[in-house]
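In case you want the letters, here they are:
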Amino acid sequence: MTGSTPTVVLALSLFSYGLMAVIAVATAGMISLLVAGLSAAARRPQTVATPATATPVEPDEIDPAVVAAISAAVQATVGAHHIVWIGEAPSAGGWTSEVRQKHHGSHRPHS
Amino acid sequence: MPDIQILDLFQGIATLVSSEPHLIVGRIGLMLLGFLLMYLGYKGVLEALLMIPMGLGMATVNAGVLDFGHGRRGTLFLDPLATTNDQVMTQMQIDWLQPIYSLTFSNGLIACLVFLGIGTLLDVGFLMVRPFRSMFLAICAELGTLVTFPLGVLMGLPINQAAATATIGGADGPMVLFASLVLAPEIFVPITVVGYLYLGLTYGGYPYIVKALVPARLRAIEMPPEPVKPISPGQKMVFAVVSCVVLSLLFPVAAPLFLSLFVGVVVREAGLKYFYELFSNQMLYGATFFLGLVLGVLCEASTILNPKVLILLVLGILALTFSAIGGLIGGYVLYFLSGGKYNPVIGIAAVSCVPTTAKVAQKLVSASNPRSIIMPHALGANISGVITSAIFAAVLVTVVRIAG
């Protein structure tokens with residue numbers, strides 16, 4: 001790899017730079033297309049089955065005072081809205097927590 | 001009582017005074033440099049996370065040289081010259097950092113681990129909001145690599161070593177480590193040390209370049225408000241997956257780096273919080289610590305004192321300076337195209353030293369105009385810089401291998 005003249009290397013450098021620029025611009029174009037395509041797909045109206053009733057569901061374990069405070073905060077922030085459900089965000093799945101607990105506790109087999 | 005010479009008791013001093021003059025100067029100079037790096041890291045002039053372990057490693061390894069008998073000298077840290085399986089296995093049982101070096105450095109794993117951590121820190125949404133502007137700036141900020149590659153050959157380096165050194169212009173530490181391991185393993189230690197030293201300097205040095213090239217009234221420009229399309233995590237994941245596969249298809253030689261970067265992005269956007277916490281904290285900082293420590297330990301005088309180091313020092317600073325100038329030229333182009341509404345300082349953030357250069361840009365702009373917020377634009381350019389650096393390194397590795 002020692003026989004290359006500076007002129008050849010300059011040409012190689014310019015070629016590499018140009019190729020990098022073309023790929024970078026193509027990446028930018030791909031990003032634009034992705035964003036436009038996925039945004040359009042998200043905007044498409046979806047036919048969703050309407051639930052027969054949409055009554056507020058209050059999980060038993062939440063304190064009524066907390067429900068009242070959340071409702072008041074929602075009212076103050078976004079105005080009058082019909083709250084359908086209040087509860088914890090859905091977790092990734094109970095089995096992962098169980099496996100993790102077993103894994104973490106594996107070094108204490110007798111506890 | 002046997003006849004014991006005082007210097008036989010203190011082998012570090014004995015090996016120092018009995019060395020050749022250039023090694024005596026080199027060892028003392030590198031010890032002092034180690035102290036200086038630690039001090040500058042502690043003071044915040046250089047990147048402390050890297051420079052403090054690196055500086056102490058550098059000072060200690062040059063103090064701790066001992067005689068092994070039969071005319072052999074070395075340290076109990078690591079032996080970078082061990083190449084055969086037998087040598088490596090023997091050194092792994094003697095030198096405490098040899099396992100880290102042999103199993104994570106020489107195969108590029110540590111660069112990939114750092115890249116994985118960086119991937120979890122990247123919000124590609126900043127890039128996806130304005131992809132063309134960000135990519136344009138990033139392309140301009142690769143000027144240092146473009147210029148340094150032929151300059152290296154002009155200064156007497158073989159083409160593979162010149163190309164590996166030129167990747168310093170991409171201002172991406174793991175990329176420099178990876179490219180030098182692939183292209184020029186014979187001098188990867190000095191290239192990587194020089195690269196990381198200079199990358200540590202960007203936070204302190206780049207503001208001077210910006211102030212010299214961009215007048216205060218332009219640094220104070222406020223970016224006009226613009227409608228910003230929200231980018232969902234799903235869109236970011238699709239971008240990461242498609243980019244990873246397509247770029248790996250184009251440049252298999254850099255596929256490990258692409259996978260490391262984009263899997264970090266995917267972990268972040270998929271909300272895998274346990275992986276996210278692991279990669280963005282323990283993994284990234286653990287890898288950075290060992291990277292700094294091993295780089296410092298590799299700076300033992302007999303290893304690092306190579307006539308090419310001076311050339312690498314010159315090329316390294318030229319590469320980063322030209323990249324900064326290129327980024328600012330890109331910023332000026334957008335300034336003129338936008339009719340004077342675009343802050344040209346954002347161009348410096350396209351030099352992909354994530355997130356240092358974006359912070360430098362915002363700091364300089366805030367000093368001129370506290371109301372001007374350019375960080376979202378700067379981060380977009382910054383992330384584009386990471387991607388263009390990876391692409392440029394992959395192109396160079398491929399082209400140089402074909403040419404060689």
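As a starting point, this report considers the structure included with it. Please read all numbers here as calculations on a predicted model, not as lab measurements.

## Remarks on helix 11 (residues 159-166) of chain B
Three or four residues apart is the spacing at which side chains of an α-helix point the same way, because the helix has 3.6 residues per turn.
Reasoning step 1: For helix 11 of chain B, the buried fraction is high: eight of the eight residues fall into the buried class.
Reasoning step 2: Listing the buried residues of helix 11 of chain B in full gives I159(B), N160(B), Q161(B), A162(B), A163(B), A164(B), T165(B) and A166(B).
Reasoning step 3: Buried positions along helix 11 of chain B lie against helix 1 (6-43) of chain A together with helix 10 (143-154), helix 12 (173-183), helix 13 (188-213), helix 19 (308-337) and helix 21 (375-403) of chain B.

## Notes on the packing of aromatic side chains
Reasoning step 1: Summed over the entire model, instances satisfying the criterion amount to ten aromatic pairs over all chains.
Reasoning step 2: An angle of 65 degrees between the planes, with centres 5.9 Å apart, marks the rings of Y17(A) and F392(B) as edge-to-face. Remark: F392(B) occurs in helix 21 and Y17(A) occurs in helix 1; the pair is interchain, linking two chains. Like F392(B), Y17(A) is buried.
Reasoning step 3: Centre to centre, the rings of Y332(B) and Y335(B) are 6.4 Å apart; their planes meet at 85 degrees, and the pair counts as edge-to-face. Here Y332(B) pairs with Y335(B), and both are found in helix 19, just three residues apart, close to one helical turn. Y335(B) matches Y332(B) in its accessibility class, with the two residues each being buried.
Reasoning step 4: An aromatic cluster of at least three residues, connected via ring pairs, comprises Y101(B), F105(B) and F188(B).

## Some thoughts on a nonpolar patch on the surface
Residue and element names in this part refer to chain B.
Reasoning step 1: On the surface, I4, I6, L7, L9, F10, I13 and V17 cluster together to form a nonpolar patch covering roughly 670 Å² of accessible area.
Reasoning step 2: Looking at the nonpolar patch, the elements that each hand over two or more residues are helix 1 (6-9) and helix 2 (11-17).
Reasoning step 3: In terms of residue count, the dominant contributor to the nonpolar patch is helix 1 (three residues).
Reasoning step 4: Summarising the element assignment, I4 is placed in the segment before helix 1.

## Focus on empty space enclosed by the protein
Residues and elements named next belong to chain B.
Reasoning step 1: With the rule as written, the count across this model stands at one cavity of 30 Å³ or more.
Reasoning step 2: Taken as a whole, the largest cavity holds about 40 Å³ of empty space.
Reasoning step 3: Lining of the largest cavity is provided by E142, T145, T167, G170, D172, M175, S389, F392 and A393.
Reasoning step 4: Considering each element in turn, the lining of the largest cavity owes the most residues, three residues, to helix 21.
Reasoning step 5: Across the lining of the largest cavity, the residue classes tally to three nonpolar, four polar and two charged.

## Quick look at the layout of surface pockets
Residues and elements named next belong to chain B.
Reasoning step 1: In this structure, the largest pocket spans a volume of roughly 690 Å³.
Reasoning step 2: Of all the secondary structure elements, the ones that give two or more residues to the lining of the largest pocket are helix 4 (48-63), helix 7 (109-121), helix 12, helix 13, helix 17 (273-297) and helix 20 (356-368).
Reasoning step 3: Examining the composition of the lining of the largest pocket, we find that five residues originate from one element, helix 13, more than from any other.
Reasoning step 4: Classifying every residue of the lining of the largest pocket gives 21 nonpolar, seven polar and three charged.
Reasoning step 5: In this structure, the second largest pocket encloses a volume near 490 Å³.
Reasoning step 6: Listed by contribution, the elements that provide at least two residues to the lining of the second largest pocket are helix 3 (21-43), strand 2 (72-74), helix 5 (85-92) and helix 18 (301-304).
Reasoning step 7: Among the residues forming the lining of the second largest pocket, the class breakdown is twelve nonpolar, eight polar and seven charged.

The rules behind each value
- Residues numbered from 1 in each chain as written.
- Chains lettered and ligands numbered in written order.
- Predicted model: local features only at pLDDT ≥ 70, side-chain atom pairs only at ≥ 80, totals over all residues.
- Heavy atoms only, no water.
- Buried < 20%, exposed > 50% of the residue type's maximum accessible area, 1.4 Å probe, protein only.
- Helix = DSSP H or I, 4+ residues; strand = E, 2+ residues; numbered from the N terminus.
- Contact = heavy atoms within 4.5 Å.
- Phe/Tyr/Trp six-rings, centres within 6.5 Å; stacked < 30°, edge-to-face > 60°.
- Patch = residues over 30% accessible without salt bridge, like charges linked within 9 Å, V, L, I, M, F, W, Y side chains within 5 Å.
- Areas by Shrake-Rupley, 256 points an atom, 1.4 Å probe, with all protein chains shown as cover.
- Salt bridge = Lys/Arg side-chain N within 4 Å of Asp/Glu carboxyl O.
- 1 Å grid on protein atoms, 1.4 Å probe; cavity = no way out; pocket = protein on both sides within 12 Å on 5 of 7 lines; lining within 4 Å.
- Points joined across faces, edges and corners; volume = space filled by probe spheres on them.
- Nonpolar A, V, L, I, M, F, W, Y, C, P; charged D, E, K, R; others polar.

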